[in-house]
Amino acid sequence: MSTPQTPAAPPTPGHALKHLATHLITPLLMCLGMALAYQGAFHQPEPRHLAVAVVGTDAQAQGLARAVRAEAGDALDVRTLPDRAAAEQQLRDRTLVGAFVPDAHRPELVVAKGNSETSVVAATAVFSTVTDRQGVPLHVTDLTTPAEGDPTGQGLFFLLVALSIGSYASVAAIGAAGAGLSLRTRALAGLAVSLVVSVIGIVTAGPVFHVVDHDRAAVWALGWLYSAGVVTIGVGLHTFLKKWTTLALMVLFVMLNFTTSGGIYRPELQNAFFGALHGFWTGAGFLEGARDILYFDGGAGLGGHVLTLAVWLVLGGAVLAAAGWSERRGRRPVGTAAESEEELAEAVAV
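Residues numbered from 1 in each chain as written. Predicted model: local features only at pLDDT ≥ 70, side-chain atom pairs only at ≥ 80, totals over all residues. Heavy atoms only, no water.

Peer 1: How do you make sense of the overall build of the protein when you look at a structure like this?
Peer 2: In terms of helices and strands, the protein carries 12 helices and five strands. The principal-axis extents of the C-alpha atoms in the protein amount to approximately 105 × 45 × 35 Å. Split into buried and exposed, the 350 residues of the protein put 46% on the buried side. Counting only contacts in the protein whose residues sit at least 6 apart along the sequence, the fraction spanning at least 24 positions is 75%. Total accessible area on the protein is roughly 16600 Å²; 65% of this is exposed by carbon and sulfur atoms. (Helix = DSSP H or I, 4+ residues; strand = E, 2+ residues; numbered from the N terminus. Buried < 20%, exposed > 50% of the residue type's maximum accessible area, 1.4 Å probe, protein only. Contact = heavy atoms within 4.5 Å. Areas by Shrake-Rupley, 256 points an atom, 1.4 Å probe, with all protein chains shown as cover.)

Peer 1: Sorry, what's going on with the pattern of salt bridges here?
Peer 2: Here the structure, examined in full by the defined rule, presents 11 salt bridges. Residue Arg-133 is joined to Glu-71 by a salt bridge in which the shortest nitrogen-to-oxygen separation is 3.5 Å. Here Glu-71 lies in helix α2 (residues 59–72) and Arg-133 lies in helix α4 (residues 117–134), a separation of 62 residues in the sequence. Considered together, Arg-133 and Glu-71 belong to a single accessibility category, that of exposed residues. In this structure, Glu-88 and Arg-84 form a salt bridge, with 2.8 Å as the shortest nitrogen-oxygen distance. Pair noted here: Glu-88 and Arg-84 are both in helix α3 (residues 84–92), with a separation of four residues, about one helical turn. Accessibility expressed as a relative area gives 30% for Arg-84, which makes it partly exposed. (Salt bridge = Lys/Arg side-chain N within 4 Å of Asp/Glu carboxyl O.)

Peer 1: Even after reading the chapter, I still don't get the nonpolar core, so can you show me in this structure?
Peer 2: It is characteristic of soluble globular proteins that their nonpolar side chains tend to be buried jointly. Grouped together as the largest cluster of nonpolar side chains are 60 residues, with contacts concentrated most on Leu-96, Leu-156, Leu-159, Val-212, Val-219, Tyr-226 and Phe-286. The greatest single-element share of this core, amounting to nine residues, is contributed by helix α5 (residues 155–177). Here Tyr-226 is in contact with Leu-160, Leu-163, Ser-164, Phe-253, Asn-257, Thr-282, Gly-283, Phe-286 and Leu-309, once residues within four sequence places are set aside. Judged by nonpolar contacts, the second largest core, of 24 residues, contains Leu-50, Val-78, Val-97 and Val-111. (Core = buried A, V, L, I, M, F, W, Y, C linked by side-chain atoms within 4.5 Å.)

Peer 1: Could you clarify how one ought to interpret the sheet that holds strand β4 (residues 108–111) in this entry?
Peer 2: Strands in a sheet are paired, the pairing made by backbone hydrogen bonds, and the direction either parallel or antiparallel. Read from one edge to the other, the open sheet built from five strands follows the order β2-β1-β3-β4-β5, with strand pairing classed as mixed. Edge positions in the sheet fall to β2 (76–81) and β5 (139–142), since each of these pairs with one other strand and no more. Averaged over all neighbouring strand pairs, the angle between strand axes comes to 25 degrees, with direction disregarded. By the bridge criterion, four bridges tie strand β3 (residues 98–101) to β4 in an arrangement that is antiparallel. Counterpart to Ala-99 in the pairing with β4 is Val-110. Its contacts with the sheet place α3 against β1 (50–55), β2, β3, β4 and β5, and it is angled at close to 35 degrees to β4. The sheet strands contacting α4 are β1, β2, β3, β4 and β5, and the helix crosses β1 at an angle near 40 degrees. (Pairing = 2+ DSSP bridges. Axes fitted to C-alpha atoms, helices over the stretch in contact; angles between N-to-C directions.)

This is a description of form; function is not addressed.
Written out as structure tokens, the structure is:
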């Protein structure tokens, strides 16, 4: 005859509230981080050493350049160039945002909107003021041709968002459902899922929405390299951070990543902190590399952006190696099923 079991006492209200408060820490930290990152990066876009040029060698061009430089101060980096060909070359090299060609009847601003639509808007505003004083309209000439499905050039940024969310949410799934698997197996699963994420990205951005209308294989390869870096870092960090992994990945690949990618504002319209991160953060590596491929014939520093993505993937490999060493020494923390489900739910909800 079995012994009757005494039912467990229900949790007290105080214990339940403490449990609830503990679970609210992560979403509240996400809220704080997103508010600080997005508002800090985007709340007041102002030119900061925006590179523009006045084309011409005569006294009028030199005088105009000096006047614009004196009025703008540190907001603009004003130079003079001998001819339009030199200006077009610097625009294609992405070292220049706009080149103003003075003319009494038809002044022209030559730009490359594929570099950044918002930076071009800022340069246009500067020289529209000049032509308004002349009483003539400013004619804007774009050296790049936007994709059929991306007239504003913002589509690549949303591709970056999709790749990022697919990648770090997959890390949560691998951590939650693959807890009993070896690190090697989890890492291989991560590389496989990054391939799937990159394929989903290029199919939707390519034949579905025509954001990427040529060189799709090259953009896909960048996407896989980017996604693989995010996933390998995440899988490795999960060994150490467990349920805090999603928050850490949001900091790395959302809060600091989207804000510094150049998808909304490039560094010349951001403060020094976010502008500096743009030079080596992985999202900027993907986005600027994709722009180089689609709008600048694979030039304008594409090799440097590929190197950025490769360095982040190598960093992921280093984190995985550290995680493997830790797990071999029996230090891998074991979470409960409830914690795993909670972690996955947080990642998917975001």
